[in-house]
Amino acid sequence: MKDIEPADGRFLEYAPAPESTSILKVRTDYGLFIDGEWVQGRGKSFTTISPSSEKKIATIASASDADVDAAVAAARRAYEKSWAKLSGSDRGKYLFRIARLVQERARELAVAESLDNGKPIKESRDVDVPLVAAWFFYYAGWADKLDYAGLGANPRPLGVAAQIIPWNFPLLMLAWKIAPALAAGNTVVLKPAETTPLTALLFAEIVQQAGLPRGVVNIVTGAGDTGAALVRHPDVDKVAFTGSTAVGREIAKTVAGTHKKVTLELGGKAANIVFDDAPIDQAVEGIVNGIFFNQGHVCCAGSRLLVQENVHDEVIDRLKRRLSTLRLGDPLDKNTDIGAINSAEQLERIRTLSDIGEREGAERWSAPCEIPENGFWFAPTIFTGVETSSTIAREEIFGPVLSVLTFRTPAEAIAKANNTPYGLSAGIWTDKGSKILAMADRLRAGVIWANTFNRFDPASPFGGYKESGYGREGGRHGLGAYLKSGASK
Ligand code: NAP
Ligand code: MG
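Nothing here was measured: the structure is a model prediction, and the numbers come from that model. (Residues numbered from 1 in each chain as written. Chains lettered and ligands numbered in written order. Predicted model: local features only at pLDDT ≥ 70, side-chain atom pairs only at ≥ 80, totals over all residues.)

Some remarks on the site of ligand 1
Around ligand 1, 29 residues are found, and the nearest of them are Gly 224, Gly 227, Gly 243, Glu 265 and Cys 299. A per-element tally of the shell around ligand 1 places helix H7 (residues 224-232) first, with four residues. (Near = placed C-beta within 6 Å. Helix = DSSP H or I, 4+ residues; strand = E, 2+ residues; numbered from the N terminus.)

Next comes the structure, spelled out in structure tokens:
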């Protein structure tokens, strides 16, 4: 990215500061991890690439229906023979061991995640991987306390959990799924996304290192077909899915009328609401974090900025100035703020929706970036003059694109914020505590941040309203989703 001229006229130059990849030993081929062993997939193998260079990382096995069947059978055996029979404190010990191994291998996992996904190393190193460890530590602590979790008397595990995750936070979404499931005494078969299987496969090594009984954790790689086979498998007791609303709908249809329990964490189109009494510089940082963190590939991203009309120009000016300082480029460089878009398909979707935004009359501004020659990139972009009815105010872009709308009164802000089929998150920026509480009461969103954004903690439940899905992950609620007599039964 071009260096912009600061107020005092001095340029600040950054030297390249790439994180070394020597810590990461990637195999050329990965099989499926079933029943504690690596086995060959019977489906057509595929490659995972680094989206910043388009270079191949490894060949990945694809699980056929028969492989999925073998994985579910292994999980069932492990459930009956070992895992559900262990005491909670013994299950907890395994989870603590996993958490510590994640910490020990943190640098390697961060490098793998940035390589495979395209996200900046400072995010995978400082956010994703520490949160993964935190999730395992948190649920390890619950494993022997299920009777005291307020989830009813003698809560029981469900059995075999089928878990399907997306590509935006590959290892973190794995942790959100696996940690509570195991703490509650379930066994799992997890399918990572096709474009980001690497850290789930490294996690399989950690499972081996931790000495978990075979079959407790199974990792099956593959495309949507593998996920669909897992969802419809008759011996699965629970389906936990994070991904798009379209696939979530399919899954809800497939499991309807079966004994399977289901949680769906789907898309979002969150409003980040800035009042005129907000500390503007702080709000600008929150707006940037809200939509440009992880290239905007965040289900709870603050993708709709609702700014009070009288501070609109000031906020947008400061935001543009701030965005001009963001550095786009090599995800493994420690100074990089904006990494690569995860795939060519996702880049195409972002481009298409942005073009529609322009055609529908919104004004487009993109940060002045040098786009690298190879790889998939999209400069941080703001659309001003967006109407509530605009496509880019309604559809999830899942990229570094912010749609800006204005409001005059709190009532108008609430009406606009809730005018969406989604309801995953929202943000409020004001210096009045009472305003925060009054707004939070009326916003239809699962998570509401006040004077901050995109903050996660394993103790805090996360999930959506309306088309953002149902069920909660995280906290005690997340545990209930994997138990028979649970709060979120
Ligand atoms: P996606 O297409 O729905 O994919 C999610 C996962 O489902 C992937 O592993 C995918 O495999 C698999 N899959 C695809 N078709 C399937 C089918 N018919 N049956 C079962 N599994 C199937 O979503 P995505 O584009 O990867 O992820 C982006 C979406 O996820 C966004 O809408 C975002 O908002 C949402 N998301 C939500 C949360 C949340 O917590 N609410 C968190 C992160 C992301 P392939 O990778 O092979 O396609
Ligand atoms: Mg990849």
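Structural notes on the sheet that holds strand S1 (residues 29-30)
An order of S1-S5-S4 is seen for the three strands of this open sheet, with the pairing classed as mixed. Strand pairing shows two members of the sheet lacking a second neighbour, S1 and strand S4 (46-49), which therefore form its edges. Here S1 runs beside strand S5 (residues 56-60); their pairing, made up of two bridges, is parallel. Residue Asp 29 lies in a different strand from S5, and its bridge partner there is Thr 59. (Pairing = 2+ DSSP bridges.)

Observations regarding unusual backbone geometry
The phi torsion at Asn 451 lies on the positive side, around 55°, for a residue other than glycine. Its location among the elements puts Asn 451 in the loop between strand S17 (447-450) and strand S18 (469-470). We note that Asn 454 has phi near 55°; this positive angle belongs to a residue other than glycine. Position of Asn 454 relative to the elements: it lies in the loop between S17 and S18.

Structural notes on the nonpolar core
One finds Ala 71, Leu 95, Phe 136, Tyr 139, Ala 175, Ala 183 and Val 189 to be the most contacted residues of the largest nonpolar core, which totals 96 residues. Dropping the residues within four chain positions of it, Ala 183 is found in contact with Arg 91, Leu 95, Tyr 139, Ala 140, Trp 142, Ala 143 and Leu 479. Core analysis: the second largest hydrophobic core is formed by 60 residues, Ile 291, Val 386, Ala 426 and Trp 449 among them. (Core = buried A, V, L, I, M, F, W, Y, C linked by C-beta atoms within 7 Å. Buried ≥ 20, exposed ≤ 12 C-beta atoms within 10 Å, placed from the backbone. Contact = placed C-beta atoms within 7 Å.)

A word on the packing of helix H9 (residues 280-292) against helix H10 (residues 312-323)
When two helices pack together, their arrangement is given by the angle between their axes and by how far apart the axes lie. Between H9 and H10, the least distance of the axes is 10 Å, while the angle of their chain directions is 60°. Relative to H10, the element H9 lies oblique. At the point where H9 passes H10, the crossing takes the right-handed sense. The residues of H10 that touch H9, namely those facing Ile 280, Ala 283, Val 284, Ile 287 and Val 288, are Glu 314, Val 315, Arg 318, Leu 319 and Arg 322. (Axes fitted to C-alpha atoms, helices over the stretch in contact; angles between N-to-C directions. Parallel < 35°, antiparallel > 145°, perpendicular 65-115°, else oblique. Left-handed = near helix turned anticlockwise from the far one by under 90°.)

Some remarks on the sheet that holds strand S15 (residues 401-407)
Taking strand neighbours across the sheet as the criterion, the seven strands line up as S13-S14-S15-S12-S11-S16-S17 in an open arrangement whose pairing is mixed. In this open sheet, the two edge strands, each paired with only one partner strand, are strand S13 (363-366) and S17. Averaged over all neighbouring strand pairs, the angle between strand axes comes to 20°, with direction disregarded. Here three bridges tie strand S14 (residues 381-384) to S15, and the two strands are oriented parallel to one another. Bridged to Ile 382 within S15 is Leu 402. Across the sheet, helix H11 (residues 344-359) is in contact with S13, S14 and S15; its angle to S13 comes to roughly 135°.

Brief notes about the pairing of strand S11 (residues 271-274)
Neither face of S11 is open: one carries Ala 271 and Ile 273, the other Asn 272 and Val 274, and all of them are buried. Pairing between S11 and strand S12 (residues 304-308): four bridges, direction parallel. For Ala 271, the partnering residue across the bridge sits in S12 and is Arg 304. Regarding topology, H9 serves as the crossover connection from S11 to the parallel S12, and that connection is right-handed. Judged from the four bridges that link them, S11 and strand S16 (residues 425-429) form a sheet pairing that is parallel. (Right-handed = clockwise from strand over helix to strand, strands pointing away.)

Section: helix H5 (residues 170-183)
In this model H5 runs 20 Å from its N-terminal to its C-terminal C-alpha over 14 residues, within 8% of the 20 Å that 1.5 Å per residue would give. The positive-phi residue at the C-terminal boundary of H5 is Gly 185, with phi of around 100°. (Expected span 1.5 Å × (residues − 1).)

Considering the environment of Val 68
Relative to the helices and strands, Val 68 resides in helix H1 (residues 65-81). Taking the C-beta count within 10 Å as the criterion, Val 68 has 29 such neighbours and is therefore assigned buried. Between the C-alpha atom of Val 68 and that of Ile 219, which follows or precedes it by 151 residues, the distance is 9.6 Å. When near neighbours in sequence (up to four residues on either side) are disregarded, Val 68 contacts Ala 63, Val 220, Thr 226, Ala 229, Leu 230 and His 233.

Section: the environment of Lys 261
Topologically, Lys 261 is positioned in strand S10 (residues 261-265). Measuring from C-alpha to C-alpha, the distance between Lys 261 and Asp 237 comes to 6.4 Å, with 24 residues separating the pair along the chain. For Lys 261, the residues in contact, after removing those within four places along its chain, are Leu 158, Asp 237 and Lys 238.

Here we look at helix H8 (residues 245-255)
Restricting attention to buried positions, one finds in H8 the residues Gly 248, Ile 251 and Val 255. Each buried residue of H8 lies within a common arc of 60° when the element is viewed along its axis, so the set occupies one face. Among the exposed residues of H8, those oriented more than 90 degrees off its buried face are Ala 246 and Lys 253. Buried-residue contacts for H8 involve H7, strand S9 (238-242), S10 and S18. Remark: Gly 257 follows H8 within two positions and exhibits a positive phi of approximately 80°. (Arc of directions from axis to C-beta.)

By themselves, these are just geometric observations and shouldn't be taken as functional.
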